[in-house]
Amino acid sequence: MLNELYVDDLINGTSDITEAIQLSSEMIYILSEASMNLRRWATNSPILNEAWKRTNVDCRGTSEELGVPLKILGIIWDNMNDNLKFDIRQFERLRNLEMVTVRLQKMLLHHFSTLPVILNI
């Protein structure tokens, strides 16, 4: 589970809704023991989203309902169609900085190209 935590974001995928509910419940409990509040859960499953709402889990709606795209680690996620979009303009800004080397740019590109699927149910 530690490999799925990125600063204050948990990114994980499960094979079914029961597993996702169990995972979210366990993670909320474990991190609450450390006084950390996992909130703003997001999924591409309307069934899981409804289950979370029934159990008072702080969850987000779809990007369409919210009227703004969801962002996970700076990557745009259309959770209604389960599409990830990456804004390459972020790297254009880096190109203008003298301190940023080609090696750092390659490292960043590699990091973002190996992200796991986000609650893919």
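- The name given to the protein in an unreviewed UniProt entry is Reverse transcriptase domain-containing protein, and the organism recorded there is Araneus ventricosus.

## Topic: the confidence of the model for the protein
Part 1: Summarising the model, the protein shows a mean pLDDT of 75, and 69% of its residues fall at 70 or more.
Part 2: Confidence, read as mean pLDDT per element, is least for helix H5 (residues 102-113) in the protein (61) and greatest for helix H2 (residues 46-54) (89).

## Description of the environment of Glu65
Part 1: If you trace the backbone, Glu65 turns up in helix H3 (residues 63-66).
Part 2: Look at Glu65 and you get exposed, because its relative accessible area is 57%.
Part 3: Between the alpha carbons of Glu65 and Met80 there is a distance of 9.5 Å; along the sequence they are 15 residues apart.

## Structural notes on the side chain of Asn44
Part 1: Mapped onto the fold, Asn44 is located in the loop between helix H1 (17-32) and H2.
Part 2: Within the structure, Asn44 has its side chain in polar contact with the side chain of Asp82 (distance 3.1 Å).

## Examining unusual backbone geometry
Part 1: Despite not being glycine, Arg40 shows a phi value in the positive range, around 60 degrees.
Part 2: Summarising the element assignment, Arg40 is placed in the loop between H1 and H2.
Part 3: According to the relative accessible area criterion, Arg40 is partly exposed, its value standing at 44%.
Part 4: Its identity as a non-glycine residue notwithstanding, Asn56 has a phi of 60 degrees, on the positive side.
Part 5: By secondary structure assignment, the location of Asn56 is in the loop between H2 and H3.
Part 6: You can call Asn56 exposed: its relative accessible area is 69%.

## Quick word on H1
Part 1: The end-to-end C-alpha separation of H1 is 22 Å, in line with the 22 Å expected for 16 residues at 1.5 Å each.
Part 2: Residues of H1 that are buried include every one of Ala20, Leu23, Ser24, Met27 and Leu31, and no others. All buried residues of H1 fall inside an arc of 95 degrees around its axis, so they share one side. Among the exposed residues of H1, those oriented more than 90 degrees off its buried face are Thr18 and Tyr29.

The rules we used
- Residues numbered from 1 in each chain as written.
- Predicted model: local features only at pLDDT ≥ 70, side-chain atom pairs only at ≥ 80, totals over all residues.
- Heavy atoms only, no water.
- pLDDT = per-residue confidence, 0-100.
- Helix = DSSP H or I, 4+ residues; strand = E, 2+ residues; numbered from the N terminus.
- Buried < 20%, exposed > 50% of the residue type's maximum accessible area, 1.4 Å probe, protein only.
- Polar contact = N/O pair within 3.5 Å; in protein donor to acceptor, adjacent residues only side chain to side chain.
- Expected span 1.5 Å × (residues − 1).
- Arc of directions from axis to C-beta.

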